[in-house]
Amino acid sequence: MASAPHTPLAARSAAVSVTCSSREYEEDDDHAVSWSLSSGTRSSPRGRRLPPYRRLLHDEARRLRGERRGQGAGAETPRWVRRTEGQMARYIEDDRAGHVHGRHVVAAVRAARATASRPPGSMREAMASFVSKLTFREMCVVLREQRGWRQAQEFFSWMKLQLCYEPSVVAYTILLRVYGQTGRIELAEETFLEMLEAGVEPDAVACGTLLCSYARRGRHGDMMLFYAATRKRGVVPPVPAFNFMLSTLQKHRLHGKVIHLWNQMVEEANVVPNQFTYTVVIGSFVKEGLLEEAMDVLGKMKRSRIVPEEATYSGLISLSARQGRGEQALRLYEEMRDHGIVPSNYTCASLLAIYDKNEDYSKALSLFSEMERSRIVPDEVIYGILVRIYGKIGLYEDAQRTFEEIDRAGMLSDEQTYVAMAQVHMNAGNYDRALLVLDSMRSRSVKPSPFSYNALLRCHVAKEDIAAAEDTFRVLTKYGLPDVFCCNDLLRLYVKLGQLDKASALILEMTKEDVQLDEGLCMTVMEICCKSGMTADADKILKEMHNDGVTMKSSTMVSPMKTSTMVSPKMLDCRTDSSALSMTLKSLLDKPGGSSIACQLIRKFAREGSTEEAKFLHEQLTELGVKPEDSATATLIVQYGQKQKLRKAQLLFESASTSFPVGGPVYNAMVDALCKCSKTDEAYHLFMEMVDRSHSRDAVTISILVTHLTKHGKFQEAENIIHGCFAGEVELDTVVYNTFIKSMVESGKLYSAVGIYDRMIASGVPRSLQTFNIMISVYGLGGKLDKATEMFTAAQELGLPMDEKIYTNMLNFYGKAGRHQEASLLFSRMKEHGIMPGKISFNSMINAYAAFGLHHEAEVTFQEMRSCGHVPDSLTCLALIRAYSQGGCYSKAEEAIQMMLSSNITPSSLHFNHLIFTFLKEGQIDEAQRICNQMHDIGVAADLACCRTMMRVYLEHGRVDEGISLFETTCGSLKPDSFILSAAFHLYEHSGRESEAGDVLDAISLHGASFLRNLKVGSKLRPT
């Protein structure tokens, strides 16, 4: 008989299985409902002697009560297993006393293990007494408890000889695990093949076990091949197997394979990862430098409500810092703190480096204090960053004290820490102490690198020890040509000591080595070239810098070969030393016209696009108490506006207004910048503020502002500015008047436009061709074509150079007025005057002919247009179809539509409407219907005008079926229309389709359309 089911649970020292009654412990056993409790330890009985299982139950219950009193809500909760009385009796008779298995199973395990000290093949003899005494499940337990691979192999062979044995994936999986743990991969492979030959289908656990065996021994190729075979069989390994595979790939630094397996795991196998999976995968993404992908995985992890570990946050923070994502790194740190995770030294070092880079030293020091509160012991890297920060904020004594603490703690072993302390001394001007620090580094056998030699060179250059500097430079050349900073330091020393020959030789060597110059080194090289008389070389270097894409922020200042308006060569150092610039500017301002020269330089830089240099000089002048000219400030603001840098323009305007009173040019420039950045409301308010302050209003600014207000539909504001200019007697030019007139035309105030034109003539402002063209539009839109003709004639009489635009404007209004003869004469005169018509002019002329159905003239003009090389467009074809339709050439109109299709010009409903309307006008309803069907076949939807016209014809001529079909197929997709819906109702009612008619009435009511009751079906049919 099989043993009674039970639930094994791990206990603290020895597992205990007991029973409990639902009543008091002292009640009779016959009346108890038996349960089992699996957890806890055995304790000595007290009081009266109880039965064995009663005693265990009593002790366990007492232990749990004590734990619950001490732990509160987190106390251990007992697990109960319900058993019948018979099962409980067998449980007691088996005498497990808390053991997981019975005595015979434990004895079998010991007997099998004992064969390890015997010769191979002794398993049968050892297990002879257990034949037919173990169930299959118990044999699996014995197999699982074997520690050596040979004992497991021999026991499995004995196990297969037993009558109760049956091939099972459980037994094979246990054997695979034993082989994998002992490194017997070949035996594991043979066992897996045997399992397949026995007809046992491997499950996910079996496949995962072999995968883990491959992974444990580093056989990644075999692991991935077996994984591919597993997936082909449709078996998905469990998450622990995936974790094992990912972990071993990561340990061997195969991060690319980790990412590949992760993608397969999530996208193909649809396996739900756990915390370990996410941690490993994010770590591999970080190692590969794939920050965005790592952040995506982190997002999935958080959406799964899994809190990342400190190592995960640490890697992401470090990678974010390396890739310049400082804000993202700080957000990750805040998120990490919200979870109560204490950062590691590595994380703190990354954060301190970010604070150091951002010059946020207060947060860096607060982080260090937080580390002390969290009892995080800093390492040398953190102390080195702290030393560097102390030096940057001027706390030299604190930096020295920290450096000494590192030394006393025995942590001083990194070159970067020594160099950081040396840089602190150099920043304080203590070059001797910096040299002592670097010397102590060499004396302690810390291997120097170019990093420390660079600091040593700067010390020698600062001390003007040319021999030591040259020796250090020669050492640096052993690592390759020194960087541009070292070259620049040594060249500066040569210039300072007058060693131009050595400087020229070094420049020649740099040229041979093809050193890429930066701005600082280029300024030094050019200064040496100029002082040495090598002006050609200086210009050559400047050109090479521009060709190499290096931005020379002050290129005009560093070249002494510029015009006399440039500042003297003393300003070579102005970009790196503000005090030197101040002295140079002071000396310049002492000279006659010095302020004007400085402002000229600001304007020059601004116009050339060097706004940063212009701003720099502007600020220096302001700091020296000299008010920059309004024109210089205005030029810089305008340039900011053109570059869409509105914030910088606003800051400059505010600072200039605060420091000194500014005039109209600065206000006008700010209005212009606001307009260019589409801030029309702010520009309008600033302009009105300028008017209130009685500043002069610039004509160009007025024109720009009115144009932008009109463009954005702010017609009232534009009109206010116009009337304000007239009331203030502002001096206006032709462009401004043209802008005013055009604004009135756009707002539809044609009478006001004429008034502004009359004021323009009275003020004696000269009129331009644009003025006459706008006035032609004013009179043409007002229906005063004779006045428009007078404007055109007046422009000719003034001798203005006529262009195609004004001719086209006149042709357009002639055509709309139906005066095709005047249009034809004007078109011919246009060509006689040598003005070649463009596509718009040809389209206007064809339209003029089309209005009267002059298809022959329209066709001739069309052919002339094509001969001039103009490709017809949709408007051209529309005018031509209109001409053919009006002239009764229906076949040619259809040919024009086919020409559009062959020319890849997509026709619209308008192109068909002219032909349809003409057919209907002639009473050819069937032809009109044919065109509608053709339009439908090529995928052109009929518009509302076409549908209304066709519905009216069908209604009036009693074509009920055609009308209903048109409504159901086409009109239903259009905007609800009162006539179409009413006509559809009458057609449905006439045909006896009351239900559909009711639906149409509902639609009319729903859309708020009006119902036309007077419509009649067949109203135009003759009575028979």
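Residues numbered from 1 in each chain as written. Predicted model: local features only at pLDDT ≥ 70, side-chain atom pairs only at ≥ 80, totals over all residues. Heavy atoms only, no water.

### Here we look at the overall build of the protein chain
Within the protein chain, the secondary structure is distributed over 54 helices and three strands. Taking all 1024 residues of the protein chain together, 47% fall into the buried category. In the protein chain, the share of contacts with a sequence separation of at least 24, taken over all contacts with a separation of at least 6, comes to 62%. As displayed, the protein chain has an accessible area near 51,700 Å², and 50% of this comes from carbon and sulfur atoms. (Helix = DSSP H or I, 4+ residues; strand = E, 2+ residues; numbered from the N terminus. Buried < 20%, exposed > 50% of the residue type's maximum accessible area, 1.4 Å probe, protein only. Contact = heavy atoms within 4.5 Å. Areas by Shrake-Rupley, 256 points an atom, 1.4 Å probe, with all protein chains shown as cover.)

### Considerations on the pattern of salt bridges
Per the counting criterion, the structure on display carries 27 salt bridges. Where E335 meets K302, a salt bridge forms, and the shortest distance between an N and an O atom there is 3.0 Å. Of this pair, E335 sits in helix α16 (residues 326-338) while K302 sits in helix α14 (residues 291-303), placing them 33 residues apart in sequence. We classify K302 as partly exposed; its relative accessible area is 36%. (Salt bridge = Lys/Arg side-chain N within 4 Å of Asp/Glu carboxyl O.)

### Section: unusual backbone geometry
Although it is not a glycine, R253 adopts a positive phi angle of roughly 60°. Turning to its location among the elements, R253 is positioned in the loop between α11 (239-251) and α12 (255-268).

### Observations concerning the confidence of the model for the protein chain
Here the protein chain shows a mean pLDDT of 76. Residues at 70 or above account for 82%. When pLDDT is averaged over each element of the protein chain, helix α40 (residues 750-762) comes out on top at 88 and strand β2 (residues 35-38) at the bottom at 33. pLDDT under 50 marks residues 1-47. Its contacts with residues more than four places away, or in other chains, come to 114 contacts. Contacts for the low-pLDDT stretch residues 550-581, under 50 throughout, to residues beyond four places or in other chains number 64 contacts. (pLDDT = per-residue confidence, 0-100.)

### Observations concerning the nonpolar core
I702, F740 and I916 are the most contacted members of the largest nonpolar core, which totals 142 residues. Ignoring sequence-local partners within four residues, the contact set of I916 consists of A928, I931, C932, M935, C946 and M950. (Core = buried A, V, L, I, M, F, W, Y, C linked by side-chain atoms within 4.5 Å.)

### Some words on the packing of aromatic side chains
The tally for this structure, following the rule as stated, stands at 16 aromatic pairs. Ring centres of F792 and Y807 lie 5.2 Å apart, and the angle between their planes is 75°; this geometry places the pair in the edge-to-face category. One end of the pair, F792, is in helix α42 (residues 785-797); the other, Y807, is in helix α43 (residues 804-816), and 15 residues separate them in sequence. Here Y807 falls in the buried class, since its relative accessible area comes to 0%. Of note, R759 hangs over the ring of F726, and the distance from its end group to the ring centre comes to 4.2 Å. (Phe/Tyr/Trp six-rings, centres within 6.5 Å; stacked < 30°, edge-to-face > 60°. Lys NZ or Arg CZ within 6 Å of the ring centre and 35° of its normal.)

### As for the packing of helix α33 (residues 630-642) against helix α35 (residues 664-676)
Between α33 and α35, whose axes approach to 8 Å, the crossing angle comes to 0°. The angle between the axes of α33 and α35 places the two elements in the roughly parallel class. Contacts from D630, T633, A634, I637, V638, G641 and Q642 of α33 reach α35 at P665, V666, A669, M670, D672, A673 and K676. Residues belonging to the contact of α33 with α35 are distributed by class as follows: eight nonpolar, three polar and three charged. (Axes fitted to C-alpha atoms, helices over the stretch in contact; angles between N-to-C directions. Parallel < 35°, antiparallel > 145°, perpendicular 65-115°, else oblique. Nonpolar A, V, L, I, M, F, W, Y, C, P; charged D, E, K, R; others polar.)

### Remarks on the environment of Q886
For Q886, the position within the fold is in helix α47 (residues 874-886). Separated by 33 residues in sequence, Q886 and G853 place their C-alpha atoms 4.3 Å apart. With residues up to four places along the chain from it excluded, the contact list for Q886 reads A850 and G853.

### What about the environment of S117?
Assignment of secondary structure puts S117 in the loop between α3 (103-114) and α4 (123-126). Separated by 3.1 Å, the side chain of S117 and the backbone oxygen of A114 make a polar contact. (Polar contact = N/O pair within 3.5 Å; in protein donor to acceptor, adjacent residues only side chain to side chain.)

### Remarks on helix α41 (residues 769-781)
Between its first and last C-alpha atoms α41 spans 18 Å; for 13 residues at 1.5 Å apiece the expected length is 18 Å, and the two agree. Burial runs high along α41: 11 of the 13 residues are buried. The set of residues buried in α41 consists of L769, T771, F772, N773, I774, M775, I776, S777, V778, Y779 and G780. Check the buried side of α41 and you find it contacts α39 (734-746), α40, α42 and α43. The positive-phi residue at the C-terminal boundary of α41 is G783, with phi of around 80°. (Expected span 1.5 Å × (residues − 1).)

### Regarding helix α44 (residues 820-832)
Over its 13 residues, α44 extends 18 Å from the first C-alpha to the last, a length consistent with the 18 Å expected when each residue adds 1.5 Å. Regarding α44, the residues found buried are H820, A823, L826, F827 and M830. Viewed along the axis of α44, the buried residues span an arc of 120°, placing them on a single side of the element. Away from the buried face of α44 by more than 90 degrees, exposed residues Q821, L825 and E832 are located. Summarising the contacts, the buried residues of α44 are in contact with α42, α43, α45 (839-850) and α46 (855-867). One or two steps after α44, the chain reaches G834, where phi turns positive at roughly 80°. (Arc of directions from axis to C-beta.)

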